[in-house]
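Each chain, written out:
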Protein chains: 2
Amino acid sequence: MKEVMAVPWPKIADAVVRRLVIYLRVLDREARAQERTISSYQLAQKTGVSPALVRKDLAWFGEFGTRGVGYDVAYLRDQLHKILRLEQEVRAVLVGAGSLGIALTRYNVRRYADDPTFNVRIVALFDTDPGKIGLMIDGIEIFPLRLLGEKVPELGATMGIITVPAYAAQQVADELVKAGIEGIVNFAPTPIHVPPRVALQTADLSLEMQYLAYIMMSRREEREEASGR
Amino acid sequence: MKEVMAVPWPKIADAVVRRLVIYLRVLDREARAQERTISSYQLAQKTGVSPALVRKDLAWFGEFGTRGVGYDVAYLRDQLHKILRLEQEVRAVLVGAGSLGIALTRYNVRRYADDPTFNVRIVALFDTDPGKIGLMIDGIEIFPLRLLGEKVPELGATMGIITVPAYAAQQVADELVKAGIEGIVNFAPTPIHVPPRVALQTADLSLEMQYLAYIMMSRREEREEASGR
């Protein structure tokens, strides 16, 4: 990583950005649940970050909180949207129109329509199955994979989402890179390699399940302890 | 939160548990990519946690690392599996056999078969659509939702996974709670409420996309800066 430079926006460390996105998710949920304020302690509890680190992260961007009252949910959410530049649309292509690819597309279309600050938009799907080519998923067309190199610049897409089986993931990643994609989210259950100029994120569908399983076992042991078993 | 007590296993703070699960995901990926060692700095980069906090979290559980060499990937992964009690199977029911529910089930069946340390197992699906009842998804049957209260104890399920549309999520959560479920993962894009005795996790399919979008925009601005635009 380079040192902080005089760039037109504050250069935020990757680790901080990641936490800001997680705070934002909680704030979005709280706002939708009509909550008006949230304390750094509550934000910490709901995100798994320590309260001190929450306060430190948010202090970076100015004085958001009021001692004893906490943060104004809507205001803090709007500030994080601005800091994270969520007003700029990012267009994505998704490769692999199986059940996961279709589920993600439907989720994305709904989310993009409902949430004016949600900025990632899936604009085309790709698959190799001739039976799927030409089908529309909530208004988004499935194209043959061989058209990827042509469609990506035509549609102005800069993000690629991989939802193919593990064995095909690397080849699809290579084709996305060749098509000029700047960043990839990999949902395939296998690691992929991309050149350093391409940003890569790995998504894991089972993270929350595994975490919940631990919490449940831990609570059960506590109950068994408490009941003297 | 209660204070640390003399319980038969170390009582780990929620925030630490959450990070351990995230470390474990990275270690699993590294192990599958044939990596033998990882430094706290690399683990920090790949998880968004600070290197100092990575070292502090892992030091809690003994001396895993070697200065200048880093951690042995396979050993650290195995230790985290033990700490997180991933050897105990947790049975889950999934409500909502739409594209997301089916994708999660297929992923889960494969993951459970391939990864001997993966401990969450989907054992039944539920839906209200008569056309889906009785169908099998990779060997897992879809039951009518009205049988939930009967099937949950019969199958020994303790976790519920919600993949229904937003409008139905709270009702399904209530039925899962009534059926005796101890923990819920909510994939529906709406907040739900459960009694304090039920553990709740919210899954967000767009977290990685949103994070990647930020990284991509940040890199682009850096490139434009560098090229003097």
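Residues numbered from 1 in each chain as written. Chains lettered and ligands numbered in written order. Predicted model: local features only at pLDDT ≥ 70, side-chain atom pairs only at ≥ 80, totals over all residues. Heavy atoms only, no water.

Before going further, it helps to spend a moment on the overall build of chain A. A count of helices and strands for chain A gives eight helices and ten strands. Each of the 229 residues in chain A was classed as buried or not, and the buried ones make up 53%. Here the analysis covers contacts within chain A between residues at least 6 apart in sequence; of these, 55% occur between residues at least 24 apart. (Helix = DSSP H or I, 4+ residues; strand = E, 2+ residues; numbered from the N terminus. Buried < 20%, exposed > 50% of the residue type's maximum accessible area, 1.4 Å probe, protein only. Contact = heavy atoms within 4.5 Å.)

Let us now look at the pattern of salt bridges. Pairing is possible between side chains that carry opposite charge, provided their charged atoms lie close to one another. If you walk through the whole model with that rule in mind, you get 22 salt bridges over all chains. Several salt bridges share partner residues, and in doing so they unite R25, D28 and R111 of chain A together with D204 of chain B into one network. (Salt bridge = Lys/Arg side-chain N within 4 Å of Asp/Glu carboxyl O.)

Core analysis: the largest hydrophobic core is formed by 107 residues, its most contacted members being M159 of chain A together with M159 of chain B. Here M159 of chain B is in contact with M209, L212, A213 and M216 of chain A together with V90, R91, A92, V93, V120, I181, G183 and V185 of chain B, once residues within four sequence places are set aside. (Core = buried A, V, L, I, M, F, W, Y, C linked by side-chain atoms within 4.5 Å.)

Okay, the domain arrangement of chain A next. All names here are of chain A. Per the domain assignment, the segments making up chain A are domain 1 (9–83) and domain 2 (90–204). Each of domain 1 and domain 2 was reduced to a C-alpha centroid, and the two centroids are 30 Å apart. Contacts between the two partners involve four residues from domain 1 and, on the opposite side, five residues from domain 2. Three residues, R18, R25 and H81, lead the burial of domain 1 against domain 2; their summed loss comes to 78% of the area buried on that side. With three residues, helix α1 (residues 14–32) is the single largest residue contributor to the side of domain 1 that touches domain 2. Per-class residue counts for the side of domain 1 that touches domain 2 are no nonpolar, one polar and three charged. (Domains from an automatic or database assignment. Buried area = accessible area lost by both parts, 1.4 Å probe. Nonpolar A, V, L, I, M, F, W, Y, C, P; charged D, E, K, R; others polar.)

On to the sheet that holds strand β5 (residues 120–127) of chain B. Backbone hydrogen bonds are what pair the strands of a sheet, in a parallel or an antiparallel way. Residues and elements named next belong to chain B. One open sheet holds the seven strands; their spatial order is β6-β7-β5-β4-β8-β9-β10, and the pairing between them is mixed. The open sheet is flanked by β6 (136–137) and β10 (199–202), the only strands paired with a single partner. As defined by bridge partners, strand β4 (residues 90–95) adjoins strand β8 (residues 159–162) across four bridges and the pair is classed as parallel. Following the sheet pairing, V93 is matched in β8 by G160. Sitting on the sheet, helix α5 (residues 99–114) touches β4, β5, β6, β7 (140–144) and β8, and the angle it makes with β5 is about 155°. (Pairing = 2+ DSSP bridges. Axes fitted to C-alpha atoms, helices over the stretch in contact; angles between N-to-C directions.)

Screw-axis analysis of chain A against chain B gives a translation of 0.0 Å along the axis, an RMSD of 0.0 Å, and a rotation angle of 180°. What the superposition gives is, in effect, a two-fold axis relating one chain to the other. Within chain A, S99 of chain A has its C-alpha nearest the rotation axis, a separation of 2.5 Å. Interface residue correspondence from chain A to chain B reaches 98%, placing this contact among same-surface, isologous pairings. (Least-squares fit on C-alpha atoms with pLDDT ≥ 70 in both.)

Here we come to the packing of aromatic side chains. Centre-to-centre distance and the angle between the planes together describe a pair of aromatic rings. Residue and element names in this part refer to chain A. Under the criterion given, the structure shown has two aromatic pairs over all chains. Seen from their ring centres, F126 and F143 are 5.8 Å apart, and the 35° between their planes marks the pair as tilted. With a gap of 17 residues between them, F126 in strand β5 (residues 120–127) and F143 in strand β7 (residues 140–144) connect regions that are remote in the sequence. Both residues of the pair, F126 and F143, count as buried. (Phe/Tyr/Trp six-rings, centres within 6.5 Å; stacked < 30°, edge-to-face > 60°.)

For the rest of this paragraph, the subject is the interface of chain A and chain B. Contacts between chain A and chain B engage 84 residues on the former and 83 residues on the latter. Counting the surface lost from both chain A and chain B, the interface buries some 7700 Å², and carbon and sulfur atoms represent 62% of this. For the pair chain A and chain B, the interface holds 22 residue pairs in polar contact (both at pLDDT 80 or more). Counting residues per element, the ones that place at least two in the side of chain A that touches chain B are α1, α2 (40–47), α5 (99–114), β8 (159–162), β9 (183–186), β10 (199–202) and α8 (207–226) of chain A. Counting residues per element, the side of chain A that touches chain B draws most heavily on α8 of chain A, which supplies 18 residues. Broken down by class, the residue content of the side of chain A that touches chain B amounts to 46 nonpolar, 15 polar and 23 charged. (Polar contact = N/O pair within 3.5 Å; in protein donor to acceptor, adjacent residues only side chain to side chain.)

Residue and element names in this part refer to chain A. Taken across its eight residues, β5 has seven buried, putting it largely inside the fold. Where β5 and β7 come together, three bridges link them in parallel fashion. What sits directly across from F126, in β7, is F143.

With that settled, the discussion passes to the sheet that holds strand β6 (residues 136–137) of chain A. If you trace the seven strands from one edge of the open sheet to the other, you get β6-β7-β5-β4-β8-β9-β10 (chain A), paired in mixed fashion. For this open sheet the edge positions go to β6 and β10 of chain A, each flanked by a neighbour on one side alone. This element, α5 of chain A, spans β4 (90–95), β5, β6, β7 and β8 of chain A of the sheet and lies at about 155° to β5 of chain A. Along the sheet face, helix α8 (residues 207–226) of chain B touches β4, β5, β8, β9 and β10 of chain A and points at about 165° away from the line of β10 of chain A.

This paragraph deals with unusual backbone geometry. Positive phi, normally seen in glycine, also occurs at D138 of chain A, with a value near 45°. By secondary structure assignment, the location of D138 of chain A is in the loop between β6 and β7.

The next thing to look at is the packing of α5 of chain A against α5 of chain B. For any two helices packed against each other, one specifies the inter-axial angle together with the distance between the axes. One can describe the packing of α5 of chain A onto α5 of chain B by two numbers: an axis separation of 8 Å at closest approach and a directional angle of 140°. The orientation of α5 of chain A with respect to α5 of chain B, classified from their angle, is oblique. Our pair here, α5 of chain A against α5 of chain B, has a crossing hand that is left-handed. Residue-level inspection shows S99, L100, I102, A103 and R106 of chain A of α5 of chain A in contact with α5 of chain B, the latter providing S99, L100, I102, A103 and R106 of chain B. (Parallel < 35°, antiparallel > 145°, perpendicular 65-115°, else oblique. Left-handed = near helix turned anticlockwise from the far one by under 90°.)

Okay, the confidence of the model for chain A next. Residue and element names in this part refer to chain A. Chain-level statistics for chain A give a pLDDT mean of 86 and a share of 90% at 70 or above. The model gives residues 1–9 a pLDDT under 50, and that stretch makes 13 contacts with residues more than four places away or in other chains. Listed scores for the predicted complex are pTM 0.79 and ipTM 0.78. (pLDDT = per-residue confidence, 0-100.)

Taking 1.5 Å of rise per residue, 16 residues should cover 22 Å, and α5 of chain B covers 22 Å from first to last C-alpha, within 8% of that figure. Every buried residue of α5 of chain B is accounted for by S99, L100, G101, I102, A103, L104, T105, Y107, N108 and R111 of chain B. (Expected span 1.5 Å × (residues − 1).)

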